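Residue-level structural notes
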Amino acid sequence: MKEIFIRSLYKTIVQEGKNEYKELLDNTNVEEATDKYWISALQLYENLTEENKKKLMGVIELVMIDTISSILGIIDGSSTLSGCKTEPKLYLDNIDTDNELQDLFLEYVEEIEE
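Residues numbered from 1 in each chain as written. Predicted model: local features only at pLDDT ≥ 70, side-chain atom pairs only at ≥ 80, totals over all residues. Heavy atoms only, no water.

1. Let's talk about the overall build of the chain
Inclusion rule: Only DSSP runs of H or I with at least four residues qualify as helices, and only runs of E with at least two residues qualify as strands; both kinds are numbered from the N terminus onward. Our radius of gyration looks at C-alpha atoms and nothing else; its globule reference is 2.2 Å times the residue count to the power 0.38. A simple rule labels every residue: compare its accessible area, found with a 1.4 Å probe on the protein chains alone, to the largest value its type can have, and call it buried under 20%, exposed over 50%, or partly exposed in between. In what follows, residue pairs with any heavy atoms lying within 4.5 Å of each other are defined as contacts.
Along the chain, the regular secondary structure elements total four helices and two strands. Helices and strands appear in the chain in the N-to-C order α-α-α-β-β-α. Relative to its length of 114 residues, the chain is extended, with a C-alpha radius of gyration of 17 Å against a globular reference of 13 Å. C-alpha extents for the chain along the principal axes are approximately 50 × 35 × 20 Å. Put simply, the chain has 114 residues, and 26% of those count as buried. Counting only contacts in the chain whose residues sit at least 6 apart along the sequence, the fraction spanning at least 24 positions is 59%.

If you want it as structure tokens, here you go:
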């Protein structure tokens, strides 16, 4: 169950999320955007070469992977949360995921990158 959860996280957040960002960056006109950060991102993206657009998408993917890893580390107890003494727990089908999710996720990422 944990492996299915990890694969699903990667597919939903990283793969589908990256595709959504790419679609939005490729198809949104700056004039249609209202958020100042999104406007800046669109302006930056429009001025990049195709090669640099691919590199930017790689950075976006890396940030997604690092963020998921950090959150999983906090949830499974292998990382601490600054300024908070709460100890979160995640159970998958009533099974504790104690100290496993972050490692499983990073192992999965390494596997698919090979």
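2. Here we look at the side chain of Q102
Within the secondary structure, Q102 is located in helix 4 (residues 101–113). Accessibility expressed as a relative area gives 14% for Q102, which makes it buried. Discounting chain neighbours no more than four positions away, the residues touching Q102 are S69, S70, L72, G73, D76, S78 and S79.

That is the geometry; function is a separate question.
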